[in-house]
Each structure stands twice: as structure tokens, then as C-alpha cells.
Amino acid sequence: MSTLAPLRLLREPSNASEGNQSNATVGAGGGWCQGLDIPNELFLALGLVSLVENLLVVAAILKNRNLHSPTYYFICCLAVSDMLVSISNLAEMLFMLLLEHGVLVMRPSIVRHMDSVIDTLICSSVVSSLSFLGVIAVDRYITIFYALRYHSIMTLQRAVVTMASVWLASTVSSTVLITYYRSNTILLCLIGFFLFMLVLMLVLYIHMFALARHHLHSISSQQKPPTAHRGGSLKGAVTLTILLGVFFICWGPFFFHLILIVTCPTNPFCTCFFSYFNLFLILIICNSVIDPLIYAFRSQELRRTLREVVTCSW
């Protein structure tokens, strides 16, 4: 599987020589250091599923005026980001396959230019996807803790400014990343961004869960037996676990990979971890498949609109 230029180098850090990597593989021992051979068909299948899912989400939100609110606009932007992750990866895979089989003949300078364009698109979509996950968490937090003031806090104008700022920041940061991808400083900034989003989501969602649990406890204390409290707490805990678990499982390995590149690029065990790079990319694409199930399809109004979109009831 061909990946964007910076990630190809991240797969094998530039400051680790081939000899060191070979010795590391032997020293860390065994077949598990050989990584996984993930077929291109799997990348293609997941990319297509993600593309269709997120396209349906965007179409449903655009179709139904009841969904024209900041909350659903943020979900729409997340769907667009995830859709771009799939499109850019599919475009790069197709581009590289055409070059490898001689179907597409281009000068090296043009190939490098096209590669940089696709790389920027991939990086921008990944950064914006992470950003909108954080924005959605903040929006939900405001909805719960400032319900009466929500419409005055999250106005349409502020929502548009937020969305435009995320897209602009994602484009600029991805361009810088593509230009200076050999710099550890850039990698540290990317790692710091992920950790910030992880902590932000942890704090906000755990606080929201604690409030919901307290509210259910207050209600159930007036009822006997308090089965609703136990059932509601369990449901809230499961939802929280799914939200944070999916985020950490899908994004964590890739960013841990970046941390190891900065801290121990020649260490035998780190080198073994690097060999599973394609698996980390698959997990990121899987996140684009799972996001609609968590953030969009749970809405009854959106599901109803999706049925109308699928059946062409425009």
C-alpha cells in the first residue's frame, strides 16, 4: 500500500540505517517484527464504505431543514472530513497503481507535485477530522451545561466561524507538515495536538457522564426500586466507553508510532512496532467508518431522513 510521502518516511525513520533496522528486527526476534501484509483490496473496501456512509450523512443533513443547526453542521463537517480521508487515500492508491502498471506516464516533477497535493489533502482531512471530534465534544458540553443559553452561545455565525477556522487551520498545518515532515518539532506539535484532543474529550465527556449520573440518582432517589438509575448509569457508561474507546483505539497506535519515532527510532522493539504501520493506517480509515455510527446514525430524525435519501424521496 502506497502512502503519503511523509508517512512513507515515518514508516522507516530517516535516522535509522538499514543495518540498524535489520539488526533490530533480528534482535527483537521473531516473526511478529515482520508486520502485517494488508492487501490493497481492504484499503479500497473500507474507503468505499466510509465514502458511502459519510456521503449519506451529508446528503441527509442538507436535505432536512430540521437538521440545519450548529450541532448537525459540525457533524456534517466531520462527515466531510472523514469522506476526504477516504477520497484522498483512494485517489492516491489509484494514482500509484496507474503509475506502477505504466497506464499513466508522467514526468517525475509532475508526479512529485501531484503527490504533494494528495499528501496535503490527506493530512488536512486527518487534522480536520480530529478537530471536529473535539468541536462536537465542546458543542455537546454546552448543550448539557448551558442548555438555556445554548442558542445565544452557539449562534449560527459563531458556528460558521468555528468551521471556517478549523478548515483553514487544517490546511495551513498540513502544508507545514508536508514541507517540514523531517523535523521532530513538527512531529511533536502533531503529537501534542492529539494529546490535547484526547484530554479535551476525556474531561468533557466524563464531566457530562457525571452530571447525567447525578441527575438520574436524584430522580431515582424518589422512586423505589431505583432500577432506572442503574440502567441509565450503565447505558451512559457504555456510551462513554464507546466514544473514548473508539477514539483511542483508532488514533492511538498511529500517534504512539510518532512518539517512538521521536524518542527511539533505532531501538529494536520500536523498529518492530514500526513494521505495523499499515495496520495503524487501517485503523484511521476504520474510524471514518465508525464515526457516522456514533455521531450521526443515532439521531432518529437523521435516520428518518436517510431512509428518504436512500429511497430517493426528495
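Residues numbered from 1 in each chain as written. Predicted model: local features only at pLDDT ≥ 70, side-chain atom pairs only at ≥ 80, totals over all residues. Heavy atoms only, no water.

Going by what an unreviewed UniProt entry lists, the protein is known as Melanocyte-stimulating hormone receptor and is assigned to Rhadina sibilatrix. On record in UniProt, under Function (unreviewed entry), the comment for the protein is "Receptor for MSH (alpha, beta and gamma) and ACTH. The activity of this receptor is mediated by G proteins which activate adenylate cyclase." For the record of the protein, the UniProt heading Subcellular location (unreviewed entry) holds the text "Cell membrane". (UniProt positions renumbered as here; feature names shortened; annotations may be inferred.)

(A) Representation of the overall build of the protein. Across its full length, the protein carries 12 helices and 0 strands. In the protein, the succession of helices and strands from N to C terminus is α-α-α-α-α-α-α-α-α-α-α-α. Counting over 314 residues, the protein shows a buried share of 44%. Partitioning the contacts of the protein with sequence separation of at least 6, the portion at a separation of at least 24 is 82%. (Helix = DSSP H or I, 4+ residues; strand = E, 2+ residues; numbered from the N terminus. Buried < 20%, exposed > 50% of the residue type's maximum accessible area, 1.4 Å probe, protein only. Contact = heavy atoms within 4.5 Å.)

(B) Structural view of the UniProt feature "transmembrane region" (unreviewed entry) in the protein. Following the UniProt record, the feature "transmembrane region" (unreviewed entry) maps to residues 42–62, 74–97, 117–138, 159–179, 185–212, 233–261 and 273–297 here. For residues 117–138, helix accounts for 100% and strand for 0%, while the C-alpha atoms at its two ends are 31 Å apart.

(C) Representation of the state of the cysteines in the model. Per the counting criterion, the structure on display carries 1 disulfide. With its sulfur 1.9 Å from that of its partner, Cys 264 forms a disulfide with Cys 270. Since a negative S-S torsion denotes a left-handed disulfide, the Cys 264-Cys 270 link at about -80° is left-handed. Each member of the pair, Cys 264 as well as Cys 270, carries the same accessibility label: buried. The closest cysteine sulfur to the non-disulfide-bonded Cys 77 is located on Cys 76, 5.9 Å from its own sulfur. With a relative accessible area of 9%, Cys 77 lands in the buried category. (Disulfide = S-S within 2.5 Å.)

(D) How the structure looks around a nonpolar patch on the surface. A surface patch of nonpolar side chains, amounting to about 390 Å² of accessible area, comprises Leu 168, Val 172, Val 176 and Tyr 180. Note on placement: Val 176 falls in helix H7 (residues 156–179). (Patch = residues over 30% accessible without salt bridge, like charges linked within 9 Å, V, L, I, M, F, W, Y side chains within 5 Å. Areas by Shrake-Rupley, 256 points an atom, 1.4 Å probe, with all protein chains shown as cover. Salt bridge = Lys/Arg side-chain N within 4 Å of Asp/Glu carboxyl O.)

(E) Local environment of the nonpolar core. With 80 residues, the main nonpolar core has Tyr 205, Phe 247, Trp 251, Tyr 295 and Leu 302 as its most contacted residues. By residue number, the principal contributor to this core is helix H4 (residues 70–100), which donates 13 residues. Among all residues touching Trp 251, those that are not within four sequence positions of it are Val 126, Ser 129, Leu 130, Leu 133, Phe 194, Ile 284 and Asn 287. (Core = buried A, V, L, I, M, F, W, Y, C linked by side-chain atoms within 4.5 Å.)

(F) Structural view of the packing of aromatic side chains. Considering all chains together, one arrives at 9 aromatic pairs under this definition. Consider the rings of Phe 194 and Phe 247, whose centres lie 5.6 Å apart with planes at 10°: the pair is stacked. Within this pair, whereas Phe 194 is found in helix H8 (residues 184–220), its partner Phe 247 is found in helix H9 (residues 227–263), the two being separated by 53 residues in sequence. No difference in accessibility class separates Phe 194 from Phe 247, as the two residues are buried. Aromatic side chains Phe 256 and Phe 273 sit 5.1 Å apart centroid to centroid with 90° between the ring planes, which places their arrangement in the edge-to-face category. With Phe 256 in helix H9 and Phe 273 in helix H10 (residues 268–274), the pair connects residues that are 17 residues apart, well separated along the chain. What makes Phe 256 partly exposed here is its relative accessible area of 40%. A network of ring pairs unites the aromatic residues Phe 194, Phe 247, Trp 251, Phe 254, Phe 255 and Phe 277 as a single cluster. (Phe/Tyr/Trp six-rings, centres within 6.5 Å; stacked < 30°, edge-to-face > 60°.)

(G) Structural detail: the side chain of Ser 170. Relative to the helices and strands, Ser 170 is located in helix H7. Note on Ser 170: relative accessible area 1%, which makes it buried. A distance of 3.4 Å separates the side chain of Ser 170 from the backbone nitrogen of Ser 128, its partner in a polar contact. When residues no more than four places from it in sequence are discounted, the contact partners of Ser 170 are Ser 124, Val 127, Ser 128 and Ser 131. (Polar contact = N/O pair within 3.5 Å; in protein donor to acceptor, adjacent residues only side chain to side chain.)

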